[in-house]
Amino acid sequence: MNTRSVLSAAALAMLCCGAFSVARADVPAKVELSSGVIECKLRWMPASKKYMIIRGVGGQAMEQQVDPSEILRKQVAPPADWKELEQLVYKNPDAALPKLLQIVDEYKMLEYDERAAYYAATLYMKKGKPEEAIKVCEKVTQDNPAAASLSQMAPVYWSALLATGKTSGGNLDKMIAEAITSAPRSIAAQALIARGDSLKKAGRTRDALKDGYLRCALLYTQEKDANAEALYKASLAFDELRQATYAERMRQTLLTKHRNSEFARKLRGN
């Protein structure tokens, strides 16, 4: 075997062993199994789709692979300077973005990948880059499909899919339907708005009202941000249908209940 062949074989072996894969953190965590609570370091193993629990026993490190279904609860330590990074998202988004993307990779299936992806995808959407937002979100959903419906990140993902028209095959409809029935109320409310946006984009304004905006406006009054957005979009939809009385009712409710919201300011033109 010549030198070039030896080097090629070595490179292939390194690749197969994951030498060029993204480094992932061994994160301090508390993990509850059926046998009890363990203080350990935790790592996601993409190849086996299992978690590696690493803990010290008798002065030595012991590793144990467990299936996600075996973990009853887990509490993961946040990345270093996480609170400062959350503030940086608003103060200096361009400086925050690379750090967020790093956390998405390093904290795979360790909670903060979802949170970092939410911030990163939101920043990409503000930059007018929905394709990049989709890429970030799909790094999370690749191993955690439920995040496409149930996580804080999910509504940003839906918005990016709608913005790019990547809604074929019914996948987006399935994500939204699961969120409406199973997600926390704050996310379910946003799912109704996303359903309205999807139907509106398809030219089904009446259905957008009935199955999306109005359900959020009438049933999710405690979810203030989503409720304000739903009232605003419902007023526009009623205007399109030339139902001025109902459109005005939506506007008055928005201005009365959410007068300081982004959508009330938009309605007032400021």
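Details of the structure are given in the entry above.
Remember, predicted model here, so these are calculated numbers, not experimental data.

Scoring rules and cut-offs
Residues numbered from 1 in each chain as written. Predicted model: local features only at pLDDT ≥ 70, side-chain atom pairs only at ≥ 80, totals over all residues. Heavy atoms only, no water. Buried < 20%, exposed > 50% of the residue type's maximum accessible area, 1.4 Å probe, protein only. Helix = DSSP H or I, 4+ residues; strand = E, 2+ residues; numbered from the N terminus. Contact = heavy atoms within 4.5 Å. Axes fitted to C-alpha atoms, helices over the stretch in contact; angles between N-to-C directions. Parallel < 35°, antiparallel > 145°, perpendicular 65-115°, else oblique. Left-handed = near helix turned anticlockwise from the far one by under 90°. Nonpolar A, V, L, I, M, F, W, Y, C, P; charged D, E, K, R; others polar. Arc of directions from axis to C-beta. Pairing = 2+ DSSP bridges. Polar contact = N/O pair within 3.5 Å; in protein donor to acceptor, adjacent residues only side chain to side chain.

J.: Describe helix α7 (residues 154-164), naming the residues involved and giving the relevant values.
T.: Counting buried positions along α7 yields eight of 11 residues, so the element is predominantly enclosed. What α7 keeps buried is the set Ala154, Pro155, Val156, Tyr157, Trp158, Ala160, Leu161 and Leu162. Contact partners of the buried residues in α7: α4 (112-126), α5 (130-141), α6 (147-150), α8 (171-182) and α9 (185-201).

J.: Can you break down the packing of helix α3 (residues 93-106) against α5 residue by residue, with the values?
T.: At their nearest, the axes of α3 and α5 sit 10 Å apart, and the two run at 25° to each other. Comparing their axes, α5 and α3 come out roughly parallel. For the crossing formed where α3 meets α5, the hand is left-handed. Touching Leu101, Val104 and Asp105 of α3 are Val136, Lys139 and Val140, all from α5. In terms of residue class, the contact of α3 with α5 is made up of four nonpolar, no polar and two charged.

J.: Which residues make up the packing of α8 against α9, and what values go with them?
T.: Their axes nearest at 8 Å, the elements α8 and α9 cross at an angle of 145°. When you trace α8 past α9, the crossing you get is left-handed. Every residue of α9 that contacts α8 at Asp173, Ile176, Ala177, Ala179 and Ile180 is listed here: Ile187, Ala188, Ala191, Leu192, Ala194, Arg195 and Ser198. Here the contact of α8 with α9 is composed, by residue class, of nine nonpolar, one polar and two charged.

J.: Tell me about helix α2 (residues 82-91), and name the residues and values.
T.: Residues that lie three or four places apart on an α-helix share one face, since the helix turns once every 3.6 residues. For α2, the full list of buried residues reads Trp82, Leu85 and Val89. One side of α2 holds all its buried residues, which, seen down the axis, span an arc of 55°. Exposed side of α2, more than 90 degrees from the buried face: Lys83, Tyr90 and Lys91 are the residues found there.

J.: Give a detailed account of unusual backbone geometry, specifying residues and quantitative values.
T.: For methionine 109, which is not glycine, the phi torsion reads 60° and is therefore positive. As for its placement among the helices and strands, methionine 109 is situated in the loop between α3 and α4. Phi is positive for glutamate 111, which is not a glycine, with a value near 70°. If you trace the backbone, glutamate 111 turns up in the loop between α3 and α4. Residue class for glutamate 111 comes out partly exposed when judged on its relative accessible area of 25%.

J.: Could you give me a rundown of the sheet that holds strand β4 (residues 60-66), with the residues and numbers involved?
T.: Reading across from one edge, β4-β3-β2-β1-β5 is the order of the five strands in this open sheet, with antiparallel pairing throughout. Of all the strands in the sheet, just β4 and β5 (73-76) have a single pairing partner and so form its edges. The sheet shows a mean angle of 35° between the axes of neighbouring strands, direction not considered. For strand β3 (residues 50-57) and β4, the ladder comprises seven bridges, and the chain directions are antiparallel. Bridge assignment links tyrosine 51 to a residue of β4, and that residue is valine 66.

J.: I'd like a description of the environment of glutamine 65, backed by residues and values.
T.: Within the secondary structure, glutamine 65 is located in strand β4. We classify glutamine 65 as partly exposed; its relative accessible area is 41%. As a C-alpha pair, glutamine 65 and methionine 52 span 13 residues in sequence and 4.5 Å in three-dimensional space. Residues in contact with glutamine 65, not counting those within four places in the same chain, are Ser48, Lys50, Tyr51 and Met52. Among the polar contacts listed, one links the side chain of glutamine 65 to the side chain of serine 48, at a separation of 3.4 Å.

J.: Which residues make up the pairing of strand β1 (residues 27-33), and what values do they have?
T.: Two faces, one strand: in a regular strand the side chains alternate between the faces of the sheet. Residues Val27, Ala29, Val31 and Leu33 point to one face of β1 and are all buried, whereas Pro28, Lys30 and Glu32, pointing to the other face, are not buried. Pairing geometry for β1 and strand β2 (residues 36-45), over seven bridges, is antiparallel. Of the residues in β2, the one forming a bridge with alanine 29 is cysteine 40. Between β1 and the antiparallel strand that follows it, β2, lie two residues. Relative to β5, β1 is paired through four bridges, and the arrangement is antiparallel. Looking across to β5, one finds that alanine 29 is bridged to valine 76.

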